[in-house]
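Here is how the chains run, residue by residue.
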Amino acid sequence: MTRSSSPRTVSLSRESEGVYLATNAKGDTLRFGRGEGLLSPVELMLAAIAGCSSIDVDVMTSRRAEPERFDVTASAEYVTEDGANILEDIRVLFDLAFPATEEGDAARKRIGAALRSSHEKSCTVSRTVEAGVPVALEQVPGAE
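Quick notes on the rules
Residues numbered from 1 in each chain as written. Predicted model: local features only at pLDDT ≥ 70, side-chain atom pairs only at ≥ 80, totals over all residues. Heavy atoms only, no water. Pairing = 2+ DSSP bridges. Helix = DSSP H or I, 4+ residues; strand = E, 2+ residues; numbered from the N terminus. Axes fitted to C-alpha atoms, helices over the stretch in contact; angles between N-to-C directions. 1 Å grid on protein atoms, 1.4 Å probe; cavity = no way out; pocket = protein on both sides within 12 Å on 5 of 7 lines; lining within 4 Å. Points joined across faces, edges and corners; volume = space filled by probe spheres on them. Nonpolar A, V, L, I, M, F, W, Y, C, P; charged D, E, K, R; others polar. Phe/Tyr/Trp six-rings, centres within 6.5 Å; stacked < 30°, edge-to-face > 60°. Buried < 20%, exposed > 50% of the residue type's maximum accessible area, 1.4 Å probe, protein only. Parallel < 35°, antiparallel > 145°, perpendicular 65-115°, else oblique. Left-handed = near helix turned anticlockwise from the far one by under 90°. Contact = heavy atoms within 4.5 Å.

Participant: Describe the sheet that holds strand β1 (residues 10–16), listing the residues and the values that go with them.
Facilitator: The strand order across the open sheet formed by 3 strands is β1-β2-β3, and the pairing between neighbours is antiparallel. Each edge of the open sheet carries a strand with a single partner, namely β1 and β3 (29–33). Sheet twist, expressed as the average angle between the axes of neighbouring strands with direction ignored, equals 25°. Of the strand pairs in this sheet, strand β2 (residues 19–24) and β3 are connected by 5 bridges, and their pairing is antiparallel. Within the sheet, the bridge partner assigned to Tyr20 lies in β3 and is Phe32.

Structure representation (structure tokens):
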């Protein structure tokens, strides 16, 4: 088994109660939280799962033909049990259309393989969720 590793980091700053700004190592930012016009963290997680798989499927199919429609919906059941919250039954639905051409036919034939490859190998986000990777919440030493 070959293994490689490269760190990924996102920093978060509070703008106001329930509103945050995430910044990656390149300086790109995303504003989110609770409030009008903001995606919630749960919605961002669903978007990350859909987005990760979409990139994989897009790359594998659009080499053959440009899609006429590429819409993806991620959904889940938000469940609270004994005061603890979790998402269950996460589903990502791809609604793709390609032209009625030889190239479009080739792209359509790749959809199933692209979905499998993303799910089984290349989508880091959904694979991490499915693996149940531990998350540690810690305080900076010496911070109050």
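So much for the structure itself; the text now carries on.
Participant: I'd like to hear about the pairing of β1, residue by residue, with values.
Facilitator: Of the pairings in the sheet, the one linking β1 to β2 comprises 6 bridges and is antiparallel in character. For Ser11, the partnering residue across the bridge sits in β2 and is Thr23.

Participant: Describe the layout of surface pockets, naming the residues involved and giving the relevant values.
Facilitator: One number sums up the size of the largest pocket: a volume of about 1,000 Å³. Together, 24 residues line the largest pocket, and Arg8, Val10, Leu44, Ala48 and Val125 are the ones closest to its centre. Here the lining of the largest pocket gets 5 residues from one element, more than from any other, and that element is helix α1 (residues 41–62). Class assignment for the residues of the lining of the largest pocket results in 14 nonpolar, 7 polar and 3 charged. Sorting the residues of the lining of the second largest pocket by element identifies α1, β5 (84–97), α2 (102–122) and α3 (124–131) as the ones contributing at least two each. It is β5 that contributes the most residues to the lining of the second largest pocket, 4 residues altogether. In the lining of the second largest pocket, the residues fall into 6 nonpolar, 4 polar and 2 charged.

Participant: Any chance you could break down the packing of aromatic side chains for me, citing the residues and the numbers?
Facilitator: On inspection of all chains with the given rule, the structure shows 2 aromatic pairs. Each ring, one from Tyr20 and one from Phe32, has its centre 5.9 Å from the other, and the planes form 40°; the classification is tilted. With a gap of 12 residues between them, Tyr20 in strand β2 and Phe32 in strand β3 connect regions that are remote in the sequence. Accessibility expressed as a relative area gives 26% for Tyr20, which makes it partly exposed. For Phe32, a relative accessible area of 10% translates into the label buried. Judged by centre distance (6.4 Å) and plane angle (80°), the ring pair of Phe70 and Phe94 falls under edge-to-face. With Phe70 in strand β4 (residues 69–81) and Phe94 in strand β5, the pair connects residues that are 24 residues apart, well separated along the chain.

Participant: Please set out the packing of α1 against α2 residue by residue, giving values where relevant.
Facilitator: Relative to each other, α1 and α2 sit at 140°, their axes nearing to 8 Å. Taken together, α1 and α2 sit at an angle that is classed as oblique. As for the relative orientation of α1 and α2, their crossing is right-handed in sense. Counted together, Cys52, Ser53, Asp56, Val57, Met60 and Thr61 of α1 and Ala107, Arg110, Ile111, Ala113, Ala114, Leu115, Ser117, Ser118 and Ser122 of α2 form the full contact between these two elements. Among the residues forming the contact of α1 with α2, the class breakdown is 8 nonpolar, 5 polar and 2 charged.

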